[in-house]
Amino acid sequence: DTAYQSLLKSTRLQYHQQIAQVLEGQFPNTIETQPELLAHHYTEARLIKQAIPYWQQAGQKATRRSAYVEAISHLTMGLELLELLPDTTERAQQELLLQVTLGTALMATQGYAAPDVGKVYARARELCGQVGGPAQRISVLWGLMAFYAVRDELRTARELGEYLVGSAQN
């Protein structure tokens, strides 16, 4: 730690970039097994655009393993970094992916009716209006419907459910 801290900041950035590029280029298995490692090094190198997809991948991988707390950490980091990028269609698509995955992890850890779940799915619904495809819309609507149903806001849950069924039939 002392040796690392004694390095110039620009040198540290360069080392993190080199480590990430070597891992990506020479150890492609790392992308599958430890995407959070690449995400960390790209983040520390301040290469935000490269880091975000790896945070997303790490979050998805953790979710598949039911490591929801870990997934929330990875996905939250991706969302925080995303705020540093300009508002573009690509950014909105990345945010949508992060939000939908985060919603699943939050439901598993905090419960379906948790306020954070509602916020995440509400934001995801906004993003679906801009960039979402049919599969993403269905996933988001299902998450919102479950949120409202468990909160005993049945009128809203029913409306979302009916809209969801209508979307699935089209």
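Conventions adopted
- Residues numbered from 1 in each chain as written.
- Predicted model: local features only at pLDDT ≥ 70, side-chain atom pairs only at ≥ 80, totals over all residues.
- Heavy atoms only, no water.
- Phe/Tyr/Trp six-rings, centres within 6.5 Å; stacked < 30°, edge-to-face > 60°.
- Helix = DSSP H or I, 4+ residues; strand = E, 2+ residues; numbered from the N terminus.
- Buried < 20%, exposed > 50% of the residue type's maximum accessible area, 1.4 Å probe, protein only.
- Contact = heavy atoms within 4.5 Å.
- Axes fitted to C-alpha atoms, helices over the stretch in contact; angles between N-to-C directions.
- Parallel < 35°, antiparallel > 145°, perpendicular 65-115°, else oblique.
- Left-handed = near helix turned anticlockwise from the far one by under 90°.
- Nonpolar A, V, L, I, M, F, W, Y, C, P; charged D, E, K, R; others polar.

(A) How the structure looks around the packing of aromatic side chains. In the structure shown here, the tally under the stated rule is three aromatic pairs. Ring plane angle 10 degrees and centroid distance 6.1 Å describe the contact between Tyr 42 and Tyr 54, whose orientation is recorded as stacked. Of this pair, Tyr 42 sits in helix 4 (residues 35–44) while Tyr 54 is found in helix 5 (residues 48–64), placing the two residues twelve residues apart along the sequence. Per residue, the accessibility class of Tyr 42 equals that of Tyr 54, and both read buried. Considering the side-chain rings of Phe 147 and Tyr 148, the 4.9 Å spacing of their centres and the 70 degrees angle between planes classify their relative orientation as edge-to-face. A relative accessible area of 21% means that Tyr 148 is categorised as partly exposed.

(B) Representation of the environment of Gln 99 in the model. With respect to the helices and strands, the residue Gln 99 is situated in helix 7 (residues 89–110). Considering only alpha carbons, one finds Gln 99 and Glu 80, 19 residues apart in sequence, at a separation of 12 Å. Once residues lying within four places of it in the same chain are set aside, the contact partners of Gln 99 are Leu 79, Val 120, Arg 123, Ala 124 and Leu 127.

(C) Spotlight on the packing of helix 2 (residues 9–26) against helix 4. Contact pair helix 2 / helix 4: the axes reach a minimum separation of 7 Å and the direction vectors enclose 150 degrees. As judged from the angle between their axes, helix 2 and helix 4 are roughly antiparallel. Note on packing geometry: the crossing formed by helix 2 with helix 4 is left-handed. Listed contacts from helix 4 to Leu 13, His 16, Ile 19, Ala 20, Gln 21, Leu 23 and Glu 24 of helix 2 are Leu 37, Leu 38, His 40, His 41, Tyr 42 and Glu 44. Of the residues contributing to the contact of helix 2 with helix 4, the split by class is seven nonpolar, four polar and two charged.

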